Amino acid sequence: MSLWGKYLTEKKFEKLNKDIRVNTLIIGGGITGLTTLYYLKEKESVCLVDASFIGEGVTKNTTGKLTYLQEDIYSNLEKNRNTEIAVQYLHSQKQAISLIKEIIEKEKIDCDLERVDSYIFASQEKDVKKIEAENNFLKRQKINVKEKILPFSVPSFKAICVEDTYVFNPIKYLNGLKEILKLKPIYEQTKIQKIEFKNNQYTCYANDKKIIANQVIVACHYPFFLFPFLLPLKSHIEKSYLIATKTDKYKKASCINVSNPSISMRYYKDGNQVYQIFLTNSHNTAVKQNDKTNFENVKQFFGLKEEEIVAKWSNVDIITDDKLPYIGELKDNLYIATGLNTWGMTNGILSAKILSDAIKGIDNPYQELFKIYRNNRYQWKSLLPNVITSTIAFVGSKFQKKKWYSNNLMFKKVNGKTIAIYKDEHKKEHIVYTTCPHFGCSLIFNEEEKTWDCPCHSSRFNLDGKCIKGPSLYDISYKK
Ligand SMILES: Cc1cc2nc3c(=O)[nH]c(=O)nc-3n(C[C@H](O)[C@H](O)[C@H](O)COP(=O)(O)OP(=O)(O)OC[C@H]3O[C@@H](n4cnc5c(N)ncnc54)[C@H](O)[C@@H]3O)c2cc1C
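What you are looking at is a predicted structure, and each value in this text was computed from that prediction instead of being measured.

*Asks:* Account for the pattern of salt bridges, naming residues and giving values.
*Replies:* Tallied over the full model, the rule gives 27 salt bridges. Residue Glu42 pairs with Lys41 through a salt bridge whose shortest N-O separation is 3.4 Å. Exposure remark for Glu42: the relative accessible area of 67% places this residue in the exposed category. Overall, Lys41 belongs to the partly exposed group, its relative accessible area being 21%. Between Lys353 and Asp357 there is a salt bridge, and its shortest N-O distance comes to 3.0 Å. Within this pair, Lys353 and its partner Asp357 are both found in helix H7 (residues 344-360), separated by four residues, close to a single helical turn. You can call Asp357 buried: its relative accessible area is 3%.

The following block contains the structure:
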């Protein structure tokens, strides 16, 4: 359970129990989908569905920073693309921060929004040049950047900071939106499994129920369809490990380094209680998976004691090859927002604005920058590595030493299919198939979080095989 998990409210919406017809359907109730519904709330015929519950996707597991200082993104965009694209991205992120502030202030949402200094730092000497390049770009854009000592005791060879950025509690923000939107048609535990386009309208299937819509917005993090978008070929999945501890000192600061693996920290203050959130050990899920040592590595790196820890969790996000999200129309009134590159608090808000503007027929200044078919060569930059690493992950997952991940696991072949039997601390057996229904990769047992995780496209299943994160549309439960 993440630090934010305890803020999820009891208020639930009902499951879709009849066929319906709407003008606009939003699929996914994370920060992207719910904020899109907020922007479209004046529209008469709009509804939102979520496969699980609002906020329980990737948004629940974020760090919750609202910053435009995002590693060394600007100098990279400037070097690999051009200055104009880097400047536009900077403006888009600043605009996203203004937009969310505007919503929070207008609607008086209590989500612990706080203005803090946001740092980037060189955790290794060789990264000092990256910090200098980023500093140089920001100064040319008249951003007030300061060189400062990092307010955390981790190795830092150089750090810069800006002062006009924020942190917040993402689940309290979604709770606030839920309250404002409570009279809108929102259906939870309603997973869209298929979309068909016929006679200029979409039929979206959720088990035996249908939603007919003129426009569909797919805001479900990883799209559950492959064509025509081919996302796996132009992106990879990055996973990171987070630990929250209690502390008695509060500093208005959030920090991230500029190399791999990511090192990221922030404070969170809820009333009198102060927490620190630490993140590191990030990796491409196709390359590495051993979840047993991953949290141990975070603990050791930051020198954390077990008794201080209040929450441990992991999170994944989609990293696109050209480092820009995909936001816009996929085809014929089918819209999508994905590949938010671990900056989905700002990019999710931006997606909501761009997509709701598109539905309202308003031009958005950033629609061109993030459009789906942008056809630059950087979009396909890692095509070959993506194919190779995914193939290695796929083949490797078939030969992994499955027992190695837990002493309480047994594997068996039943009718040619592998099943896994996990015995919990009460000796109760949990039996699942071990192949991901999405693409057929073999799942990896995540001992720490007691989930089955897909190394290829980040689907996750609980101990009893229920799919708790897509793109898989199906469970892996085994019935004797
Ligand atoms: C370790 C880590 C730290 C991060 N920290 C930050 C940060 O500090 N700042 C920042 O800006 N960004 C951060 N991010 C990125 C950010 O958390 C994500 O990009 C963002 O939360 C994605 O939001 P979303 O709404 O697109 O997806 P989600 O929150 O995953 O929402 C998608 C919803 O769609 C639903 N869904 C899925 N499939 C279906 C279906 N078939 N039918 C119906 N519903 C479906 C799911 O149940 C889910 O609720 C971080 C990411 C990681 C990995």
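*Asks:* So what's going on with the state of the cysteines? Which residues, and what values?
*Replies:* Evaluated as defined, the whole model comprises one disulfide. Each sulfur in the disulfide pair Cys441 and Cys456 lies 2.0 Å from the other. Torsion about the S-S bond of the Cys441 and Cys456 cystine: about -105°, corresponding to left-handed handedness. Of the two residues, Cys441 is situated in the loop between strand E20 (429-433) and strand E21 (444-446) and Cys456 in the loop between strand E22 (451-453) and strand E23 (460-462); the sequence distance between them amounts to 15 residues. A relative accessible area of 2% means that Cys441 is categorised as buried. Looking at Cys161, it has no disulfide partner, and the nearest cysteine sulfur is the one in Cys255, 8.9 Å off. A residue is classified by how much of its surface remains accessible, and Cys161, at 0% relative accessible area, is buried.

*Asks:* I'd like a rundown of the packing of helix H2 (residues 73-80) against helix H4 (residues 128-140), residues and numbers included.
*Replies:* The packing of two helices is summarised by the inter-axis angle and the distance between the axes. Following both chains from N to C, one finds H2 and H4 inclined at 85°, their axes separated by 8 Å at the closest point. Taken together, the axes of H2 and H4 are roughly perpendicular relative to one another. Each of Ile73, Tyr74, Ser75 and Glu78 in H2 lies in contact with H4, whose residues at this interface are Lys130, Ala133, Glu134, Phe137, Leu138 and Arg140. For the contact of H2 with H4, the per-class residue count stands at five nonpolar, one polar and four charged.

*Asks:* Break down the sheet that holds strand E18 (residues 409-414) for me, with residues and values.
*Replies:* Here three strands make up an open sheet; going across it, the order is E18-E19-E20 and the pairing antiparallel. Since the sheet does not close on itself, it has two edges, and those belong to E18 and E20, each with one partner. Here the average twist between neighbouring strands, direction ignored, is 25°. Sheet topology note: the strand E19 (residues 417-423)/E20 ladder contains five bridges and is antiparallel. Each residue of the ladder has a partner; that of Ile419, found in E20, is Tyr433.

*Asks:* Tell me about the nonpolar core, residues and numbers included.
*Replies:* Counting 78 residues, the largest nonpolar core has Leu34, Tyr89, Leu138, Phe168, Tyr173, Leu177 and Phe370 as its most contacted members. Per element, the largest residue contribution to this core is eleven residues, and it comes from helix H3 (residues 83-106). Of the residues that make up this core, three or more belong to each of domain 1 (3-61 + 172-221 + 323-380) and domain 2 (112-168 + 233-320). Counting 30 residues, the second-largest nonpolar core is a separate cluster that includes Cys47, Ala213, Val218 and Leu334.

*Asks:* I'd like a description of the domain arrangement of the protein, backed by residues and values.
*Replies:* It is common to give the size of an interface as the accessible area that goes away when the parts come together. Split into domains, the protein comes out as domain 1 (3-61 + 172-221 + 323-380), domain 2 (112-168 + 233-320) and domain 3 (383-469). Each of domain 2 and domain 3 has a C-alpha centre, and these two points are 29 Å apart. Contacts between the two partners involve 18 residues from domain 2, matched on the other side by 20 residues from domain 3. Counting the contacts that link domain 2 with domain 3 gives two salt bridges. Across the salt bridge formed by Lys312 and Glu448, the nearest N and O atoms sit 3.7 Å from each other. The interface formed by domain 2 and domain 3 holds four residue pairs in polar contact (both at pLDDT 80 or more) in total. Breaking the side of domain 2 that touches domain 3 down by element, the ones donating at least two residues are strand E11 (235-247), helix H6 (291-302) and strand E15 (309-320).

*Asks:* Can you break down helix H5 (residues 170-180) residue by residue, with the values?
*Replies:* Along H5, nine of the eleven residues are buried, which leaves the element largely enclosed by surrounding structure. Those residues of H5 that sit buried are Pro170, Ile171, Lys172, Tyr173, Leu174, Asn175, Gly176, Leu177 and Lys178. Where H5 begins, the side chain of Asn169 points an oxygen toward the backbone nitrogen of Ile171, at a separation of 3.0 Å.

*Asks:* Can you lay out the site of the ligand for me, pointing to particular residues and giving the numbers?
*Replies:* Neighbouring the ligand are 37 residues, the closest being Asp50, Val58, Thr59, Asp317 and Met345. Here a nitrogen atom of the ligand and a backbone polar atom of Ala51 are 2.9 Å apart. Taking Asp317, its side chain carries an N or O atom lying 2.7 Å from an oxygen atom of the ligand. Among the elements of the structure, helix H1 (31-39), E11, E15 and H7 are those that each provide at least two residues to the shell around the ligand. Structurally, the shell around the ligand is a two-domain feature, drawing no fewer than three residues from each of domain 1 (3-61 + 172-221 + 323-380) and domain 2 (112-168 + 233-320).

*Asks:* Explain the packing of aromatic side chains to me, using residue names and the numbers behind them.
*Replies:* All chains considered together, the criterion is met by 20 aromatic pairs. Relative to Tyr267, the ring of Phe152 has its centre 5.2 Å away and its plane inclined at 35°; by these criteria the two rings are tilted. Placement of Phe152 in the loop between strand E5 (146-147) and strand E6 (158-167) and of Tyr267 in strand E13 (residues 264-270) is noted, with a sequence separation of 115 residues between them. Taking 5.4 Å as the distance between ring centres and 90° as the angle between the ring planes, the aromatic pair formed by Tyr241 and Phe295 counts as edge-to-face. With Tyr241 in strand E11 and Phe295 in helix H6, the pair connects residues that are 54 residues apart, well separated along the chain. Phe295 gets classed as buried once you look at its relative accessible area, which sits at 2%. Pairwise contacts between aromatic rings join Trp4, Tyr7, Tyr268 and Tyr275 into one cluster. Over the ring of Tyr68 we find Lys94, and its NZ or CZ is 4.6 Å from the ring centre.

What counts and what doesn't
Residues numbered from 1 in each chain as written. Predicted model: local features only at pLDDT ≥ 70, side-chain atom pairs only at ≥ 80, totals over all residues. Heavy atoms only, no water. Salt bridge = Lys/Arg side-chain N within 4 Å of Asp/Glu carboxyl O. Buried < 20%, exposed > 50% of the residue type's maximum accessible area, 1.4 Å probe, protein only. Helix = DSSP H or I, 4+ residues; strand = E, 2+ residues; numbered from the N terminus. Disulfide = S-S within 2.5 Å. Axes fitted to C-alpha atoms, helices over the stretch in contact; angles between N-to-C directions. Parallel < 35°, antiparallel > 145°, perpendicular 65-115°, else oblique. Contact = heavy atoms within 4.5 Å. Nonpolar A, V, L, I, M, F, W, Y, C, P; charged D, E, K, R; others polar. Pairing = 2+ DSSP bridges. Core = buried A, V, L, I, M, F, W, Y, C linked by side-chain atoms within 4.5 Å. Domains from an automatic or database assignment. Polar contact = N/O pair within 3.5 Å; in protein donor to acceptor, adjacent residues only side chain to side chain. Near = heavy atom within 4 Å. Phe/Tyr/Trp six-rings, centres within 6.5 Å; stacked < 30°, edge-to-face > 60°. Lys NZ or Arg CZ within 6 Å of the ring centre and 35° of its normal.

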